[in-house]
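Residue strings, one per chain:
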Amino acid sequence: MAIGDLARQTGTKVNTIRFYEESGLLPQAERTASGRRIYRDADTKRLAFIRQSRNLGFPLDAVRELLTLADDANQPCDAIDRIARVHLAEIDRKIADLSALRAELDRVIGSCSHGTVADCKIIETLAPGAHLAVSDLV
């Protein structure tokens, strides 16, 4: 199939498919005599694997490593498990960071007295130590 067909079938932008080829995640497509890319079912399956991995937030290097490991079905999956656990730990770290950020923003919003902008605790928090006029912020 042509690159446009692959894009439509998988819901992937043509530029993204080209990027995955350039970065080595997808093999370089075969070309017709006129230079058009031709993709096979194996490319569609590999692209689906890449997209699902990316949807789960795996970074490109991890996706590349997972693809390499997936290409040898007879090996133990310890390395794959390790990659997934490292990614899960990173997600947990991001959730903790976001939870702390949310708590801080909730605290700042809670300190709002609904007075004037000149006394706004949210503006004061966003520009600590600065005595800005509202016109300085826009």
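Here goes a summary of the coordinates provided. Computed from a predicted model, the values in this text were never measured in an experiment.

1. What to know about helix H1 (residues 3-10)
Residues of H1 that are buried include every one of Ile3, Leu6, Ala7 and Thr10, and no others. Along H1, the residues classed as buried sweep out an arc of 100 degrees about the axis, all on the same side. Residues of H1 that are exposed and angled more than 90 degrees away from the buried face: Arg8 and Gln9. Of the surrounding elements, those touching the buried residues of H1 are helix H2 (14-22), strand E2 (37-38) and helix H3 (41-55). The first or second residue beyond H1 is Gly11, which carries a positive phi of 70 degrees.

2. Here's the deal with the environment of Phe49
Assignment of secondary structure puts Phe49 in helix H3. For Phe49, a relative accessible area of 32% puts it in the partly exposed group. Separated by 21 residues in the primary sequence, Phe49 and Ala70 place their C-alpha atoms 10.0 Å from one another. Residues in contact with Phe49, not counting those within four places in the same chain, are Leu66 and Leu67.

3. Regarding the environment of Gly24
By the element assignment, Gly24 lies in the loop between H2 and strand E1 (30-31). On the basis of relative accessibility, which here comes to 47%, the residue Gly24 falls in the partly exposed class. As a C-alpha pair, Gly24 and Arg64 span 40 residues in sequence and 7.9 Å in three-dimensional space.

4. Here we look at unusual backbone geometry
Within the chain, His114 stands out as a residue other than glycine whose phi angle is a positive 60 degrees. Along the chain, His114 falls in the loop between helix H5 (78-110) and helix H6 (121-126).

5. A look at the packing of helix H4 (residues 60-70) against H5
Between H4 and H5, whose axes approach to 10 Å, the crossing angle comes to 160 degrees. The angle between the axes of H4 and H5 places the two elements in the roughly antiparallel class. Remark: the crossing between H4 and H5 carries left-handed chirality. Only Ala79, Ile80, Arg82 and Ile83 of H5 make contact with H4, whose side of the interface consists of Ala62, Glu65, Leu66 and Leu69. Of the residues that constitute the contact of H4 with H5, the class distribution is six nonpolar, no polar and two charged.

6. Details of the pattern of salt bridges
Pairing is possible between side chains of opposite charge, provided their charged atoms come close. What the rule picks out here adds up to eleven salt bridges. Salt-bridge contacts for Asp71 lead to Arg46; the nearest nitrogen and oxygen are separated by 3.3 Å. Here Arg46 lies in helix H3 and Asp71 lies in the loop between H4 and H5, a separation of 25 residues in the sequence. Salt bridges linked by common partners bring Glu90, Arg93 and Asp97 together as one network.

7. Focus: the nonpolar core
Proteins that are soluble and globular tend to have nonpolar side chains buried together. Counting residues in each nonpolar core, the largest one holds 18 residues, and the members touching the most others are Ile17 and Ile50. Looking at this core, the elements that each hand over two or more residues are H1, H2, H3 and H4. No other element matches the five residues that H4 contributes to this core. What Ile50 contacts, discounting residues up to four positions off in sequence, is Tyr20, Leu25, Leu26, Val63 and Leu67.

Analysis parameters
- Residues numbered from 1 in each chain as written.
- Predicted model: local features only at pLDDT ≥ 70, side-chain atom pairs only at ≥ 80, totals over all residues.
- Heavy atoms only, no water.
- Buried < 20%, exposed > 50% of the residue type's maximum accessible area, 1.4 Å probe, protein only.
- Helix = DSSP H or I, 4+ residues; strand = E, 2+ residues; numbered from the N terminus.
- Arc of directions from axis to C-beta.
- Contact = heavy atoms within 4.5 Å.
- Axes fitted to C-alpha atoms, helices over the stretch in contact; angles between N-to-C directions.
- Parallel < 35°, antiparallel > 145°, perpendicular 65-115°, else oblique.
- Left-handed = near helix turned anticlockwise from the far one by under 90°.
- Nonpolar A, V, L, I, M, F, W, Y, C, P; charged D, E, K, R; others polar.
- Salt bridge = Lys/Arg side-chain N within 4 Å of Asp/Glu carboxyl O.
- Core = buried A, V, L, I, M, F, W, Y, C linked by side-chain atoms within 4.5 Å.

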